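The lines below spell out each chain.
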Amino acid sequence: MTFKDLGLSQALVKAVEEKGYTKPSPIQEKAIPHILEGKDILASAQTGTGKTAGFTLPVLQRLAETKHPKYRPLRALVLTPTRELAAQVHDNVREYSKYVDIKSAVVFGGVNAKPQIATLRSGVDILVATPGRLLDLHDQKAVSFKRIDVLILDEADRMLDMGFVRDINKIISFMPTKRQNLMFSATFSKDIKKLAEGILRNPVSVETAPQNSTAKKVTHKVYKVDKKKKTEFTIKLIKDNNWKQILIFTRTKHGANKLTEKLIKSGISAAAIHGNKSQGARTKALKNFKDNSIKVLVATDIAARGLDIPLLPHVVNYELPNVPEDYVHRIGRTGRAGAAGEAISLVCSEEVEYQNEIEKLLKEKLKSTIVEGFEPTDTAPPKRAATQSKGSFGKKKRSSKGGSSNGNTPKRKPHFKGNKPSTSGRGRSSGAPKKRHD
Ligand code: ADP
Ligand code: MG
């Protein structure tokens, strides 16, 4: 099967060939023909399997085929949960559209809106955006959704976690009812399926791997280590193994800053990326990390979704996420496009239950190791007692500081209540969102 066999035009085939793609990935093979036919789809495939091209290529083709000779209303909108992901998806859109007469742009918060407004005024066919900034621009009449033919939600589950549902519904309320809707995600929770019901129409479900599975070539390793020894252990790991590019996840912004400082003090170049950093600092940190001018990027979960760092060999969970799906996304940053990767987690006694939940989700036991000199002595009980257990540790709730690590929201709070997407109601507009995230 080739890209041409899927029905893509020569102009698009040429662009992907220049990217070095020789054949479509499984999700591309399955999704592209449906999208070309104009169908709504709900697509799930493991991280790093080429979902971006899976929706971008057929959408570009449809846009090119139906282009108005004289003017360029905005006809396709891609919504993403984070600014970094928006920028990355737009980079892809630009590359894939190199040989078609389609203009694209990206808008997100944290940066000056003026150039964005100017770009939008100059005429754009396909826009990649984060929801908050997009609504601001819409309020300022810098953009119209009246001619939208296709709406794409990338990393849709993350949008739920980040409380974007109201914003998304509001954006949708300004669109024509007759349009194509595409929803892409790596994980599919019940909540996301509910959201899908409110947006998609007779969607085709496209799936290529068991839901919530991680890339096959990623090996998982757990080191049992005391909480207070984690920093020292991390430094040892990096130095002993002479690692060159490591993405480290912490649960909190503060934790990310602290670890970054300690790494730098010990002579390891590092930068932190999280929601309290300016957009300039975030972009710079990511760029320096990608071009290897720093060794370590310390991130909260904001960086976990969708970022594509080619050949990123090591992901370290300095702390385990308290939402098991986040583990899948975090480690999805390694082992991309079939490359091998290693996912390492430092687990202290308080995190044992998180590990159990992750193992349950992955249906796989993570191999645990104890390193000489770092034998765990902690006895602090798990932060969350197993739901099924006898509850001997009491019902200690996960600490509130642990929950919100990306500077955007309280996590895991799908905002359905009072704003449940209805199957028929396309024109809903549920008032101003409580909080803008972008
Ligand atoms: P996902 O959104 O599924 O996590 P991406 O769209 O970010 O994955 O793609 C992951 C990586 O795979 C990117 O570096 C992309 O350029 C590459 N890629 C996408 N499609 C192909 C293909 N058909 N062949 C080879 N590499 C591909
Ligand atoms: Mg993606």
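How each quantity is defined
Residues numbered from 1 in each chain as written. Chains lettered and ligands numbered in written order. Predicted model: local features only at pLDDT ≥ 70, side-chain atom pairs only at ≥ 80, totals over all residues. Heavy atoms only, no water. Helix = DSSP H or I, 4+ residues; strand = E, 2+ residues; numbered from the N terminus. Salt bridge = Lys/Arg side-chain N within 4 Å of Asp/Glu carboxyl O. Buried < 20%, exposed > 50% of the residue type's maximum accessible area, 1.4 Å probe, protein only. Contact = heavy atoms within 4.5 Å. Phe/Tyr/Trp six-rings, centres within 6.5 Å; stacked < 30°, edge-to-face > 60°. Lys NZ or Arg CZ within 6 Å of the ring centre and 35° of its normal. Pairing = 2+ DSSP bridges. Axes fitted to C-alpha atoms, helices over the stretch in contact; angles between N-to-C directions. pLDDT = per-residue confidence, 0-100.

What's the story with unusual backbone geometry in this structure? I'm lost.
In most cases, non-glycine residues show a negative phi, while peptide bonds are predominantly trans. Within the chain, Asn 202 stands out as a residue other than glycine whose phi angle is a positive 40°. Positionally, Asn 202 belongs in the loop between α9 (190–199) and β7 (204–207). In the Ramachandran plot, Lys 363 falls in the positive-phi region, its phi being about 55° despite a non-glycine side chain. Within the fold, Lys 363 resides in the loop between α14 (352–362) and β14 (367–369).

Please explain the pattern of salt bridges as it appears in this structure.
Side chains that differ in charge, positive against negative, can pair when their charged atoms come close. Taken as a whole, this structure holds 18 salt bridges when the rule is applied. Of the charged contacts in the structure, one is a salt bridge between Lys 98 and Glu 18, with a shortest N-O distance of 2.7 Å. Residue Lys 98 is found in the loop between α4 (83–96) and β3 (104–107), and its partner Glu 18 is found in helix α1 (residues 10–18); the two are separated by 80 residues along the sequence. For Glu 18, a relative accessible area of 46% gives the class partly exposed. Notably, a salt bridge pairs Lys 19 with Glu 95, separated by 2.9 Å at the nearest N-O pair. Pair noted here: Lys 19 is in the loop between α1 and α2 (26–36) and Glu 95 is in helix α4, with a separation of 76 residues, a long-range link. On the accessibility criterion, Lys 19 (34% relative accessible area) is partly exposed. Judged by its relative accessible area of 33%, Glu 95 is partly exposed. Each of Lys 67, Arg 72, Arg 75, Asp 101 and Asp 125 takes part in one network of salt bridges that share partners.

Just checking my understanding: could you explain the side chain of Lys 230 for this structure?
Tracing the backbone through its elements, the reader meets Lys 230 in helix α10 (residues 230–241). Judged by its relative accessible area of 2%, Lys 230 is buried.

Is there a simple way to think about the environment of Gln 61 in this case?
Considering the arrangement of structural elements, one finds Gln 61 in helix α3 (residues 51–65). For Gln 61, a relative accessible area of 8% puts it in the buried group. When the C-alpha atoms of Gln 61 and Gly 7 are compared, they prove to be 9.4 Å apart, with 54 residues separating the residues in sequence. In contact with Gln 61, not counting residues within four places along its chain, are Gly 7, Leu 8, Ser 9, Leu 12 and Leu 36.

I keep staring at the packing of aromatic side chains and nothing clicks. Help me out?
Between two aromatic rings, the relevant description is the distance of the centres plus the angle of the planes. Here the structure, examined in full by the defined rule, presents 6 aromatic pairs. Considering the side-chain rings of Phe 3 and Tyr 21, the 6.5 Å spacing of their centres and the 35° angle between planes classify their relative orientation as tilted. Here the residue Phe 3 occupies a position in the segment before α1, and Tyr 21 occupies one in the loop between α1 and α2, the gap between them amounting to 18 residues. With relative accessibility at 3%, the residue Phe 3 sits in the buried group. Look at Tyr 21 and you get partly exposed, because its relative accessible area is 25%. Aromatic rings pair up to connect Phe 3, Tyr 21 and Tyr 96 into one cluster. When the ring centre of Phe 374 is taken as origin, the NZ or CZ atom of Lys 229, which lies over that ring, is 5.7 Å away.

I would appreciate a short explanation of the sheet that holds strand β12 (residues 314–317) in the present structure.
Adjacent strands of a sheet pair through backbone hydrogen bonds, lying either parallel or antiparallel. The strand order across the open sheet formed by 7 strands is β10-β11-β9-β12-β13-β8-β14, and the pairing between neighbours is parallel. The open sheet has two edge strands with one neighbour each: β10 (270–273) and β14. Strand after strand, the sheet turns through a mean of 25° between neighbouring axes, direction not considered. Strand direction decides the pairing type here: β10 and strand β11 (residues 296–299), joined by 4 bridges, are parallel. Residue pairing in the sheet places Ala 271 in a bridge with Leu 297 of β11. Across the sheet, helix α13 (residues 324–331) is in contact with β8 (218–224), β9 (246–249), β12 and β13 (341–347); its angle to β12 comes to roughly 155°. Each of β8, β13 and β14 is contacted by α14, which is oriented at about 160° to β8, the strand it contacts most.

Help me understand the environment of Asn 288 in this model?
Residue placement: Asn 288 occurs in helix α12 (residues 279–290). Separated by 18 residues in sequence, Asn 288 and Ala 270 place their C-alpha atoms 9.3 Å apart. Here Asn 288 is in contact with Ser 293 and Ile 294, once residues within four sequence places are set aside.

I would appreciate a short explanation of the confidence of the model for the protein in the present structure.
Do not read the fine detail of predicted coordinates wherever pLDDT is low. In the predicted model, the protein carries a mean pLDDT of 83, and 82% of its residues have values of at least 70. Note on residues 386–437: pLDDT under 50 across the span, and 107 contacts to partners over four residues away in sequence or across chains.

Could you clarify how one ought to interpret the sheet that holds strand β2 (residues 76–79) in this entry?
Strand order in the open sheet formed by 7 strands is β3-β4-β2-β5-β6-β1-β7, and the pairing between neighbours is parallel. Of all strands in the sheet, those bounded by a partner on one side alone are β3 and β7. In this sheet, adjacent strand axes meet at a mean angle of 15° when their direction is disregarded. Bridging between strand β5 (residues 150–153) and strand β6 (residues 180–185) involves 4 bridges; their strand directions are parallel. Paired with Leu 151 across the strands is Asn 181, a residue of β6. Packed onto the sheet, α2 meets β1 (41–44), β6 and β7 and runs at close to 165° relative to β7.

Help me understand the pairing of β12 in this model?
On a regular strand, one side chain projects to one face of the sheet and the next to the other, so that they alternate. Neither face of β12 is exposed, since His 314 and Val 316 on one face and Val 315 and Asn 317 on the opposite face are all buried. Two elements, β9 and β12, share 4 bridges in a ladder whose sense is parallel. By the bridge assignment for β12, Ile 246 is matched with His 314. Pairing of β12 with β13, which is carried by 4 bridges, proceeds in the parallel orientation. Within β13, the position partnered with His 314 by the bridge is Glu 342.

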